Structure formats: structure tokens, C-alpha cells
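# Tertiary structure, described
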Amino acid sequence: MNVQNLMRSRIILGVLILLAAASYGYRKMTTPQWTTVTTGFAKTDKPYGGGAFRIRGNEVMTLKIAGPELRFHVVGLDKGYDAAQTVADEPWMDDVNERLNRKSVSVLRGKLGGAFTRDFSQQAQHAAWSYSKDWGTLYVATDWMNYKVPEPENGLSPHIAKLWRSGDGGKTWVQLKWPQDRNINSLFFLDSQRGYAIGWGPHIWRTADGGQSWEEIALPPTAANANQPRKTFDAADLGPDGVLRVAYYTRMLGTVRSSSVVYRLSWDATQFEQDAVLPDQVIVQLGTTDGAPGRAYSLYALSRLGPPRDWDAADDNGHRTGAISTWTSHGRSNIVQLHTFDPRYTLDGLSVGTKGVLLVYATDASRRGAPHDFTFYSRDAGRSWNDMDDGIGQGGWFDPETNTQYALYAYTLKKRQF
């Protein structure tokens, strides 16, 4: 190779290196990056856990479900290391049913990096909540089961449901009248007074007076099954216009076969009407964009393609390819499947932000070691997607108003914006 050709090759190589570096820098610059918010999130509250937290400025509010704090001591060290054993401080701490019975639901308030104040606490293993935009009005539904009582033959162990309300940001609470056998697994409120409660059956109740009284709403067709008294909807969502939507799988509904159907209920309506049909798939979650009053908004459905898992079939492991579809509130017949995800991912949830931002949460259990959490994101309303490996987290939340995602790793809270 002569000197001229050598110089030309070096120049070309240098340009390629610069282009590669620029491309990497651009990708890194445009890919949302985690920044640390605090390394002491909920550190003072025991037992460990951040709960279903929400953040507004420097304030934190969280609904936390946790087991009792357990204490142990070591005995037998005087007889040698091999003879030592760990013993619970109290006998009940060694009883799994006692530990389940002593689970509690709490609402805590505090500052980022500071101590939290426990404003509400009730014995329960499950809970649902709803809160106003200013956090001034809160509703909490709790559900407790006695794990020390043998399970009945029909498998329907009795539960005790309770419903609570606070009108001063959680400082004081009032227990609302609510039948203890009516489970609540979702709460949706339009404002401080008007809202819905959804429970097993499924059942839907509506209140217009802050939970003082409730009316039951007639279900859409085939939503209930007499053989499944504790059946639930596959998904439910409240639109910015106060329209409640529920989704469920039906094998036969008129001309509809083996599909997920979405039904809508306006606040002033007494009956549901069909909103969308997604053939041969099971909806995991519904989501909507925010919208101005009277204006159309977009709806999204995260789903798993194929029928529901057949638990009686040994060869059905329940794994399905995930997909996301969309339609508009004023054009419900035009449903578009935006994207299907790699089959190795199990779809877990969906967040809808502003300016076309969508997040899909998934788990990859195909690799060696512990499963990894992934976030798929789109900035163009689902037309194109990128993904990020988030490792193993302990919870998170997405703020749709600011397109900010929060994730908790032990006591370290991180955030990134899209």
C-alpha cells in the first residue's frame, strides 16, 4: 500500500470512529437516564417497603401493605456453632398463618428522604385506594381473611371488607357503611364525591355523595359467571371525561367469538354500551390519554394474544405474545394494533403519558438467573418502540402529567423523564 492510500485509509477510519462515537453519544443523550432522587426512601418505616407510592414535588404519599415486623435471636452458641439456631422472639412469629393474619394496610405521608407519618393503619392483606388530584380526599378499601380458619369445601373463604374516607389529606378517617362480604378490588373517583367501586362477581357500585350511599350498576352481557362468584374484570379504567370502561374475555357474545370486549359507562348512564372488540386476545390493562372536556382522547389496551390460560392443560404454561392496540373515544370502531412484543417478554402493565409517551412494563424470565424488569417506551404514540433493561426493582410509579418514571431499588429512589 503506498503512502497516499495509507493516509486515505486512516482518514476514512478516523471518520468512521467519529461517526460511531457521535452516534453512541446521541443515543445516550436521547435515551432517558436514571438520576438518584434519594437514598433513604421510606427507610425509617418498618418493615421494609415503599408501597404504592405517589410523588408531588417534594411530598410523598404511599399505600403500603406489609407483614408484621419479625424479631429473632440466636440460641445454642454455647454448645458450638453447628448447634446454634435462630428462634423467633414470640411463638406467633414462627406461624405463617399468624403472620398473614397480622398483615396491615397503611397510608403514609412524608417528604423525600425524610421520615414518613403513618396516618392510617388497618389489619388487612389486600387494599385498593383512590385520591383526589390535590391529595385532599382519599378512599381506602381493605380486605382481611382469617388464615387460621380451615378453607371451606367450596374454596370461598370468608373475607371482611371495609371502606374508609378522609377529607383532610389523611389526617382523620371515617369508616363508611359497607357490607363486609362485598369485596372491593378497584376504586375510581371523578372528584371528591363521585366514584365507582368494583369487586368480585364482578360487581360495580356508584356513589354521588362521597360514599355515604351506593347504587349497584347492571353488568354488561356475559361479564358474570354463576360458577365463578369471585370473578373479576380483566381491566378497568376511568377516562378523563368520567367514562368508566371495563374489559373481559368472552367465548360467545352474539356474533362475537373468543374475544376481549370493552364496555363503556357514562356517568349519567344506567347501562353499559359496547366500546371495542379485540379478537383472540386477553386484555391486561386499559389506559387513556388526558383530554380537554368535550374533546376526543386516545385509548390503549395492553393484551396477550390468544385465549386465556387453560389451567387444566399441562402443556399450557400461560405464556402469550404481548400486543398493544389503540382507538379513540369518538371513533370506537377503528381499532389499530400498534405493536407486538418479543414473545420472551411477559407484559405486566401500561402507563400513558402526555405528548405521545407510552410505557409498557415487562418481565424477561428466559435468561439465566433472576428475571429482569424491562421498560418499553414510545414517544410517538406507539408507532416506534425502544426498550431498557431495568434489572430487578422493588416497585415504581409513572407520573403521567410530567412523563416521569420513578423506580425503587432497596432504599434508593431513582427517576427518569421521557
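Residues numbered from 1 in each chain as written. Predicted model: local features only at pLDDT ≥ 70, side-chain atom pairs only at ≥ 80, totals over all residues. Heavy atoms only, no water.

## Re the pairing of strand β9 (residues 138–145)
Across the eight residues that make up β9, a large majority, seven, are buried. With six bridges connecting them, strand β8 (residues 126–131) and β9 associate as antiparallel partners. What sits directly across from S130, in β9, is Y139. Linking β8 to β9, which pair antiparallel, is a turn of six residues; within it W135 sits at a positive phi near 65 degrees. Summarising the sheet, β9 and strand β10 (residues 159–166) pair through eight bridges and their orientation is antiparallel. Paired with Y139 across the strands is R165, a residue of β10. (Buried < 20%, exposed > 50% of the residue type's maximum accessible area, 1.4 Å probe, protein only. Helix = DSSP H or I, 4+ residues; strand = E, 2+ residues; numbered from the N terminus. Pairing = 2+ DSSP bridges.)

## What to know about the side chain of S351
Looking at the secondary structure, you find S351 in strand β24 (residues 345–352). Non-local contacts of S351, meaning those with residues more than four positions away in its chain, are made with V357, L358, L359, Y361 and F398. (Contact = heavy atoms within 4.5 Å.)

## Concerning the layout of surface pockets
Estimated volume of the second largest pocket: approximately 640 Å³. Around the second largest pocket, the lining comprises 22 residues; the ones closest to its centre are D234, Y249, V282, P308 and R309. Taken together, the elements giving at least two residues each to the lining of the second largest pocket come down to β17 (244–253) and β20 (281–288). Take the lining of the second largest pocket: its biggest share by element is four residues, from β17. When the residues that make up the lining of the second largest pocket are grouped by side-chain class, the tally is nine nonpolar, seven polar and six charged. (1 Å grid on protein atoms, 1.4 Å probe; cavity = no way out; pocket = protein on both sides within 12 Å on 5 of 7 lines; lining within 4 Å. Points joined across faces, edges and corners; volume = space filled by probe spheres on them. Nonpolar A, V, L, I, M, F, W, Y, C, P; charged D, E, K, R; others polar.)

## Here we look at the pairing of strand β7 (residues 116–123)
Relative to β7, strand β6 (residues 104–111) runs antiparallel, the two sharing seven bridges. Counterpart to V105 in the pairing with β7 is Q122. Count of turn residues in the β6/β7 antiparallel hairpin: four residues, of which G113 carries a positive phi of about 80 degrees.

## Considering the packing of aromatic side chains
What characterises a pair of aromatic rings is the spacing of the ring centres plus the angle enclosed by the ring planes. Applying the stated criterion across every chain, the model contains 18 aromatic pairs. Seen in terms of ring centroids, W129 and Y131 are 5.1 Å apart; in terms of plane orientation they differ by 55 degrees. Their pairing is tilted. Grouping aromatic residues by their ring pairs yields a cluster made of F341, Y345, F374, F376 and W385. Against the face of W92 rests R102, its NZ or CZ located 3.9 Å from the ring centre. Between the NZ or CZ atom of R182 and the centre of the ring of W178, over which it lies, the distance is 6.0 Å. (Phe/Tyr/Trp six-rings, centres within 6.5 Å; stacked < 30°, edge-to-face > 60°. Lys NZ or Arg CZ within 6 Å of the ring centre and 35° of its normal.)

## Focus: the sheet that holds strand β2 (residues 52–56)
Strands sit in the order β2-β3-β6-β7 across an open sheet of four strands; the sheet is antiparallel. Two strands in the sheet have a free side with no partner beyond their single neighbour: β2 and β7. Between one strand axis and the next, the sheet turns through 10 degrees on average, direction left out of account. Examined bridge by bridge, strand β3 (residues 59–66) and β6 share eight bridges and lie antiparallel to one another. Along β6, the bridge assignment pairs T62 with L108. (Axes fitted to C-alpha atoms, helices over the stretch in contact; angles between N-to-C directions.)

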